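Reading the structure
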Amino acid sequence: MMRKIFFIAIAALWAAALFPAASRAAGTPYAPSSGDFSCLLPPGWTAFEEEGGALVHILGPQSPLGDYRAGIDIEFMQDGGAGFVPYEKEIDYLRNGGAGDHVDSTLVQALRISGTLGRYFESNVTRVLPDDRLPAAETTLHHFTAFVPVTREQSYYLIDLSSSESTYLNYRGLFMEFLKSFQTRQ
Amino acid sequence: MTVLRGRITACLLAFCAALAPLGAAAQALSSAQQSLLSRYQYQIKPDGSIWAPGSSAPLDASGVEAALSQAAGAQRLKALLQVDMILDQSGGKDNLTPEQAERIKDILRKNWTYFPQAARADISGYFSPEELDSLDAEAAAPTANPAPLVAAPAPAPEDSAPAEQAAAPGVAAAVPVPVLDDSSGADSAQNLSMSLPAQAQAAAPAAPAAAPIAASPQPPAASPAPKPAFVPAPAQAPQPPALLVSAVPRAAPVQPLPAPKPAPTPALPLAPKTSTVPAAAPAALASPALPSSGALHPAPAAPMAAPVVTVVGAPARAVQEMRALAAGSAGKASPDAGSVGFQIFPLPLPSAPPAVSAPDVEKLLQNAPYTQDVVFLLRQIEQKAGLGRNRALGFLLSQIPAIVIAPRRCETSARGCVETQTDARGETLYTIVLSPGPLLVRRGELWFKQDDLIPDAPEFYSRRRLSAPDFKANQGDALAENVQDGPWGQTSVYADGSRRGTYSREEMAGTLLQELLMAAAAQEGWDAAPYYAQVYARTAQEIFYAGEAAQRKDDDFLDPDARLLYQRWENDPNSLRDELAHSLSATRAGLPDFLGKRWDIAASDLSNPTDCELRVSAEGVDEAKARESAMKEDAAALERADLVTSKQAAAADAALSAAAAAFRSDPLPPAQCLSLQQKKEMGRRLALSLAGRAYAAQRKFFGVRK
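Residues numbered from 1 in each chain as written. Chains lettered and ligands numbered in written order. Predicted model: local features only at pLDDT ≥ 70, side-chain atom pairs only at ≥ 80, totals over all residues.

Details of the overall build of chain A
Check the secondary structure of chain A and you find 4 helices and 11 strands. Each of the 186 residues in chain A was classed as buried or not, and the buried ones make up 38%. (Helix = DSSP H or I, 4+ residues; strand = E, 2+ residues; numbered from the N terminus. Buried ≥ 20, exposed ≤ 12 C-beta atoms within 10 Å, placed from the backbone.)

Notes on the overall build of chain B
Across its full length, chain B carries 23 helices and 12 strands. Pairs at least 24 residues apart make up 79% of the contacts formed inside chain B by residues separated by at least 6 positions. (Contact = placed C-beta atoms within 7 Å.)

Quick look at the interface of chain B and chain A
In this assembly, 48 residues from chain B lie in contact with 37 residues from chain A. Elements supplying a minimum of two residues to the side of chain B that touches chain A: strand E9 (450–454), helix H18 (560–571), helix H19 (575–584), helix H21 (612–640) and helix H23 (670–705) of chain B. Residue composition of the side of chain B that touches chain A, by class: 19 nonpolar, 14 polar and 15 charged. Pairing geometry for strand E9 (residues 136–149) of chain A and E9 of chain B, over 2 bridges, is antiparallel. Within the sheet, the bridge partner assigned to Ala-136 of chain A lies in E9 of chain B and is Leu-453 of chain B. (Nonpolar A, V, L, I, M, F, W, Y, C, P; charged D, E, K, R; others polar. Pairing = 2+ DSSP bridges.)

What to know about the sheet that holds strand E2 (residues 37–41) of chain A
Residue and element names in this part refer to chain A. Here 3 strands make up an open sheet; going across it, the order is E1-E2-E11 and the pairing antiparallel. Here the strands that pair on one side only, and so sit at the sheet edges, are strand E1 (28–30) and strand E11 (183–184). As defined by bridge partners, E1 adjoins E2 across 3 bridges and the pair is classed as antiparallel. Pairing of Pro-29 across the sheet is with Leu-40, part of E2.

Description of the sheet that holds strand E5 (residues 402–405) of chain B
All names here are of chain B. Read from one edge of the open sheet, 3 strands run E5-E7-E6, paired in mixed fashion. Only two strands of the sheet have a single partner each, and these edge strands are E5 and strand E6 (416–422). Each strand axis lies, on average, 20° off the axis of its neighbour in the sheet, ignoring direction. As paired strands, E6 and strand E7 (residues 428–434) are joined by 7 bridges and run antiparallel to one another. When the sheet's bridge partners are listed, Thr-420 is paired in E7 with Tyr-430. (Axes fitted to C-alpha atoms, helices over the stretch in contact; angles between N-to-C directions.)

Looking at the pairing of strand E4 (residues 55–62) of chain A
On any regular strand, side chains alternate: one points to one face of the sheet, the next to the other face. Residue and element names in this part refer to chain A. Of all 8 residues in E4, 6 are buried; the element is thus mostly enclosed. As defined by bridge partners, strand E3 (residues 46–50) adjoins E4 across 5 bridges and the pair is classed as antiparallel. Bridging from a neighbouring strand, Thr-46 pairs with Leu-59 of E4. Joining the antiparallel neighbours E3 and E4 is a turn of 4 residues, in which Glu-51 adopts a positive phi near 50°. When E4 meets strand E5 (residues 69–77), the two strands line up antiparallel, connected through 6 bridges. Paired with His-57 across the two strands is Asp-73, which belongs to E5. With antiparallel pairing between neighbouring strands as the criterion, E4 and E5 make up a hairpin whose turn holds 6 residues, including Gly-66 at a positive phi of roughly 70°.

Some remarks on unusual backbone geometry
The linkage connecting Leu-129 of chain A with the following residue, Pro-130 of chain A, adopts the cis geometry, with an omega of -5°. Each neighbour pair has its own omega, and for Leu-134 of chain A with Pro-135 of chain A the value is -10°, a cis peptide bond. A positive phi angle, near 50°, is found at Glu-51 of chain A, a position not held by glycine. Structurally, Glu-51 of chain A can be placed in the loop between E3 and E4. The class of Glu-51 of chain A is buried, set by 23 C-beta atoms lying within 10 Å. Positioned with a positive phi, Asp-642 of chain B is a non-glycine residue whose angle comes to about 60°. Residue position: Asp-642 of chain B is located in the loop between H21 and helix H22 (646–662).

Comments concerning H21 of chain B
Side chains that are three or four residues apart share a direction in an α-helix, a result of its 3.6 residues per turn. Here H21 of chain B spans 41 Å end to end across 29 residues, near enough to the 42 Å set by a 1.5 Å rise per residue. Positive phi appears at Asp-642 of chain B, one or two residues downstream of H21 of chain B, with a value of about 60°. (Expected span 1.5 Å × (residues − 1).)

Quick look at the nonpolar core
All names here are of chain B. Ranked by size, the top nonpolar core spans 174 residues in total, and within it Ala-392, Leu-513, Leu-516, Leu-517, Tyr-532, Tyr-536 and Ala-687 carry the most contacts. For this core, the element with the most residues is helix H3 (residues 61–90), which contributes 13 residues. Mapping this core onto the domain boundaries places at least three of its residues in each of domain 1 (2–147 + 170–176) and domain 3 (439–500). Apart from residues lying up to four places away in sequence, Leu-517 is in contact with Gly-388, Arg-391, Ala-392, Tyr-536, Ala-537 and Ala-540. (Core = buried A, V, L, I, M, F, W, Y, C linked by C-beta atoms within 7 Å. Domains from an automatic or database assignment.)

Structural measurements only, silent on function.
Here it is in structure tokens:
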């Protein structure tokens, strides 16, 4: 038994040495001016907010082609507010797109975010990039999307990390870490 | 009023008559004539030759004469339209307020040279006899640059009667207006240019090579020939930006600040053609509060209350006072600190633009030299636009920008762009260019083919030291093999596989709305924060499209990418901001400071004004580097699309690097530097405010719909 525990401990230490980033919470604490949520910014990423914190953009590295900067966009969708879309409908649109859109997406998974049962999926959207600048070409953007419901309301946070498809694998772990750090004001 | 309208009609006819065939020649003109031609996009080469926009040969003597006559006629027409609008607002000449009368006099003064004697008699009632004498004397004065004049065989009679103008040769060729027809394909679309020089050029037959031209005596002031002498700007000192720097007289007379020095341009063509900040801020600005929703950061202490320091006189004194301000003693700055000094004012924001009535717009559309296609687009905006309507149309009425639908003009934009030019008198002239359709090149194999949108403007390639790929779809005289409906509208397919799509008129109207707003941003200075300016303009565009889509019950009038963006915006309006944030912050956008944060004048910035010039200079270098990086990425993108070789791309890279290394930004004197910085700060706050208005308008729009 002691031998088994010893090997497990060695394996855990070995794994921690191999994946140091995963074993420590990295990033800078951030909260918008409204104070409605808090999170840890990934190292080197910068945030700016709009409309009193209802919209927050956290910008990271740009794509190798220099036409798109990876970033996390956080939007608070207020139940009953103008333009509010129930999250089931929003998920449906983001996973399937509109007529003529080229959208591929994964299944929706349940995920515990900020102490509530959130939703998570990934999708690819074909766009012409860069936006309004020539030369431009069809490019696939990858989206990591999470929905964080606010307790006892239909309101929710829409958190989306978008990047070029060629680099999206760099951001899956980062996005998960970010979601772990995301806390809403209950 | 009647006489004035008669004059406008005469000008229109004279303007049409002036669209005479242009040929090729090299001339030496006075600086005033050169300035006039450069206003209308003519290029004056170092060897003295004059080239019409997009032409392949220089103008000959008659061509130069026609161009001068045409430009003078257009200038005269613009002045009369502006006067007419002021008269309409006042209800007639007898009801003019002193401000309106002064505005009319100012317009007429600036354009006095262009009016023939008969027209001067009609408008002389606005001036006193002394002023008239002065104006006539200035108009008759010889030019500062007595260069040999064009040998004018028969100058176009500017003051001849309309009937005579109508009978003049060349009128019939110039009058027909091209019609925008979505079904006409790329070739017809390429002939839609509505710029004055382009029309003249289009009518030009191939001319023989230029011969040396003998100088002729300068015509007298009363001569109908184009005069080399310009009426100089009225005898008024250059004004500093109206709200940002203001001279406060003290015990001694105060010298007004010189106008801000225009931003230095690099030796190589790195400076962008668009978004030139005008030399002077708009004069009529009021002061609403900045909406709290427009906050960019967790607010620095009371941004709206940030003081603006008026600097008059010795920069060193200003520096001391600013330091005192930063140290907390600004509020105690003694008003009698010296014969010259500074005063602190709050920084107000412009008020919402006044409502623009449909009759005002209709009047302009009936008189202004816009073709039927542009008139259609402007009517669409007047009738259907929501957000941004008054601001866009207000800009249209006040500036009367040239609006053209032409391929091969926009350097980096697929749909439209704003071109600006500053003439010798510091006035900024705006030209809005709309592309009739994108140049497409298909690459890939089998099921993996994709369309690349390729720049079609020759300037794009020359500025990047690249040779332009020779696609038939980019040649005005090539015939299409096939015309088919596709995602990019009616698409002409050429033998080499290149294609030219067509934007629908509804999409072009939305593009025109956006470009009018971006031109207004350049004029009012709120392009200092490109992201917020784009948020406002693009939200206005999407709301316009939403109205159109609701009327048509589909969004098929949009091209594929515009449709995708529109649908995402319709589903989640704030997704547009996400897109803009990710795109404008990337290298390809060429913006080192897409939020305009550098212009955020915090106390820390005011504490070291001596560093202002260095900071502005460094920022100029940053901007040049950002443009260089963007251009390098453009070249790399063409290489990836197999449109240029790796060797060409490497050569372009090296040339652009050398140009950026050679770039030097001239430092500004502290006073000018501060006024420029304050103007930028003003523009940034206005952009923030407008983005807040866009957010509110969006909420209101969707609140109604859902």
